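Okay, here's what each chain looks like letter by letter:
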Amino acid sequence: MTEPSVSLEALRQRIDALDNDILRLISERAACAQEVAAIKAEHEPGGVFYRPEREAQVLRRVMELNHGPLDSEEMARLFREIMSACLALEQPVKVAYLGPEGTFTQQAALKHFGESAISLPMAAIDEVFREVEAGAVNYGVVPVENSTEGVINHTLDSFMDSSLRICGEVVLRIHHHLLVSETTRRDKVSRIYSHPQSFAQCRKWIDAHFPQAERVPVSSNAEAARLVKTEWHSAAIAGDMAAKLYGLARLAEKIEDRPDNSTRFLIIGNQDVPVSGEDKTSLVVAMRNQPGALHDLLEPFHRHQIDMTRLETRPSRSGVWNYVFFIDFKGHRDEPRVAAMLEEVKLRAADVKVLGSYPAGVL
Ligand SMILES: C=C(O[C@@H]1C=C(C(=O)O)C=C[C@H]1O)C(=O)O
């Protein structure tokens, strides 16, 4: 093939010149972030450098200003990594997540904090809480709800006994694949490993394509992928990260029953996050067990026109109140309208705990 060498050469020179500019600008940006860190260290010795509300604002601004040809999410992902690297210059963020390595929760942690964060797998949701409480890590990442399967009760229950705050949320589109190793006899798959949630999210597909296969529930998708490595008649249902980690091939892609299948994760930490401009708040409320209690609880939300995005009921574990409600709504506790509503809810409820106000997920 003959290339139009003159124009190609000119374009490459132009790209080199632009790269020089990008390099210089990223370095200048990193130096600015270092100065910010020095100011923070002076005013708040031992404090955290990471500021969720500011990062959300930076990403939203980039998405607003972007006019292509890259799409806004792609551009924000690039800036996400620049910020992650700038922050790591001072102090890489340490994040515990529900492991093992290769789970969707790890993918969520990296999507939120960027690749420069140090991510540490934990064996259970309450271990993630404990690591953050003990100060061994700065933040934790736990799944909280799936669009197909609903709420993850373990996470809600962990909040009842914890003083940690929610500092952010991240929503991940979940794509499941049927994975096999190079030794798997593809025509002889008689067993499928996966996490119970993933089986539930792919039920119709498995019924249609592998009705005879034994379905073996395991503790995580990554564990399913690991088991398949050594069994010639088995397959796993898991995502991209697990496939890559264990070098598995996709026998079938995107087998989730609903194309919009997504999971919401929460970032937990010790910080009260200031207003970012587009925030959410999560509460846990105990009501007295009497007629009209739920109506009394919801009425102030309605009157102050506060948009509730989720309401979950869980049995109370203290035994004093029968049920507690987990509520998510749009708005920040420092906004006057929200503060007024919260005061009223406190008067009506037996107990109210604000789990946190935090930036609505950007990416
Ligand atoms: C630079 C700052 O510190 C950190 C780095 C940020 C960045 O690179 O833009 C943003 C927020 C903080 O996590 C800041 O607070 O402005």
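Residues numbered from 1 in each chain as written. Predicted model: local features only at pLDDT ≥ 70, side-chain atom pairs only at ≥ 80, totals over all residues. Heavy atoms only, no water.

Going by an unreviewed UniProt entry, the protein carries the name Bifunctional chorismate mutase/prephenate dehydratase and comes from Halomonas aestuarii. In its Function (unreviewed entry) section, UniProt records this for the protein: "Catalyzes the Claisen rearrangement of chorismate to prephenate and the decarboxylation/dehydration of prephenate to phenylpyruvate." The UniProt entry for the protein carries this comment under Subcellular location (unreviewed entry): "Cytoplasm". (UniProt positions renumbered as here; feature names shortened; annotations may be inferred.)

Draft legend 1. View of the overall build of the protein. Counting its secondary structure elements, the protein contains 12 helices and 15 strands. A principal-axis box enclosing the C-alpha atoms of the protein has dimensions of 80 × 60 × 35 Å. When the 363 residues of the protein are sorted by exposure, 46% land in the buried category. Here the contacts in the protein between residues at least 6 apart in sequence split such that 76% fall between residues at least 24 apart. (Helix = DSSP H or I, 4+ residues; strand = E, 2+ residues; numbered from the N terminus. Buried < 20%, exposed > 50% of the residue type's maximum accessible area, 1.4 Å probe, protein only. Contact = heavy atoms within 4.5 Å.)

Draft legend 2. Structural view of the UniProt feature "site: Essential for prephenate dehydratase activity" (unreviewed entry) in the protein. Using the residue numbers shown here, the UniProt feature "site: Essential for prephenate dehydratase activity" (unreviewed entry) corresponds to Thr-263. Positionally, Thr-263 belongs in strand β11 (residues 262-269). One polar contact links Thr-263 to Asn-146, side chain to side chain, over a distance of 2.8 Å. (Polar contact = N/O pair within 3.5 Å; in protein donor to acceptor, adjacent residues only side chain to side chain.)

Draft legend 3. Broad picture of helix α11 (residues 293-303). Those residues of α11 lying buried are Ala-293, Leu-297, Pro-300 and Phe-301. What you see down the axis of α11 is that its buried residues fit within an arc of 105 degrees, all on one side. Exposed and facing more than 90 degrees away from the buried side of α11 are His-295 and His-302. The first or second residue beyond α11 is Gln-305, which carries a positive phi of 55 degrees. (Arc of directions from axis to C-beta.)

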